[in-house]
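# Observations on the model geometry
Here are the chains, one letter per residue:
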Amino acid sequence: GATDVPAGPIVLVSQSVDGKAANMISSRPGINHDGSVVSFQSIATNLVPPTNDVNKKEDAFVRDYRTNPNGVTTQVSVNSAGVPRSGTKRRARNM
């Protein structure tokens, strides 16, 4: 069934640190229970600094509004050393 959701602004989550919209497609969204963290996948090249997006493939991202009301986009498809993986293998998980 439908759930009532508090009214609030509609915001673009697939945006870069400087607030620009993704320059390519974003898909496969996920959202946590209160809407403060959103996950998505994208082939956009401007969501993180160019030195971070070196694989030129679809990556997984999280936009977090818990500590910053404007949100912070982080690439999460990286290994433990912070190196981007060679593209996503699975859908970004719902929170």
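We now turn to the structure provided with this report.

The rules behind these values
Residues numbered from 1 in each chain as written. Predicted model: local features only at pLDDT ≥ 70, side-chain atom pairs only at ≥ 80, totals over all residues. Heavy atoms only, no water. Helix = DSSP H or I, 4+ residues; strand = E, 2+ residues; numbered from the N terminus. Buried < 20%, exposed > 50% of the residue type's maximum accessible area, 1.4 Å probe, protein only. Polar contact = N/O pair within 3.5 Å; in protein donor to acceptor, adjacent residues only side chain to side chain. Core = buried A, V, L, I, M, F, W, Y, C linked by side-chain atoms within 4.5 Å. Contact = heavy atoms within 4.5 Å. Phe/Tyr/Trp six-rings, centres within 6.5 Å; stacked < 30°, edge-to-face > 60°. Pairing = 2+ DSSP bridges. Axes fitted to C-alpha atoms, helices over the stretch in contact; angles between N-to-C directions.

On to the environment of Ser 77, then. Within the fold, Ser 77 resides in the segment after β4 (72-75). By relative accessible area, which is 7% here, Ser 77 ends up buried. Placed 16 residues apart in sequence, Ser 77 and Phe 61 show a C-alpha to C-alpha distance of 7.1 Å. Separated by 3.2 Å, the side chains of Ser 77 and Asp 59 make a polar contact. Within the structure, Ser 77 has its side chain in polar contact with the backbone nitrogen of Ala 60 (distance 3.1 Å).

Attention now moves to the nonpolar core. Formed by Val 13, Val 38, Phe 40, Ala 44, Leu 47, Val 48, Phe 61 and Tyr 65, the largest nonpolar core amounts to eight residues. Non-local contacts of Tyr 65, meaning those with residues more than four positions away in its chain, are made with Val 11, Leu 12, Val 13, Gly 35, Ser 36, Asn 70 and Gly 71.

Attention shifts here to the packing of aromatic side chains. Any aromatic ring pair is given by two values, namely how distant the centres are and how the planes are angled relative to each other. Within the structure shown, the criterion is met by one aromatic pair. Geometrically, the ring pair formed by Phe 40 and Phe 61 is stacked, given 5.6 Å between the ring centres and 20° between the ring planes. Taken together, the residues Phe 40 in strand β2 (residues 37-42) and Phe 61 in strand β3 (residues 59-64) connect sequence positions 21 residues apart.

Here the focus is the sheet that holds strand β1 (residues 26-31). Strand order across the open sheet formed by four strands is β1-β2-β3-β4, with antiparallel pairing between neighbours. Each end of this open sheet is capped by a strand with a single partner; those strands are β1 and β4. Within this sheet the neighbouring strands show an average axis-to-axis angle of 25°, counted without direction. In this sheet, β3 lies alongside β2 in antiparallel orientation, the contact comprising six bridges. Among the inter-strand pairings, Ser 39 is bridged to a residue of β3, identified as Val 62.

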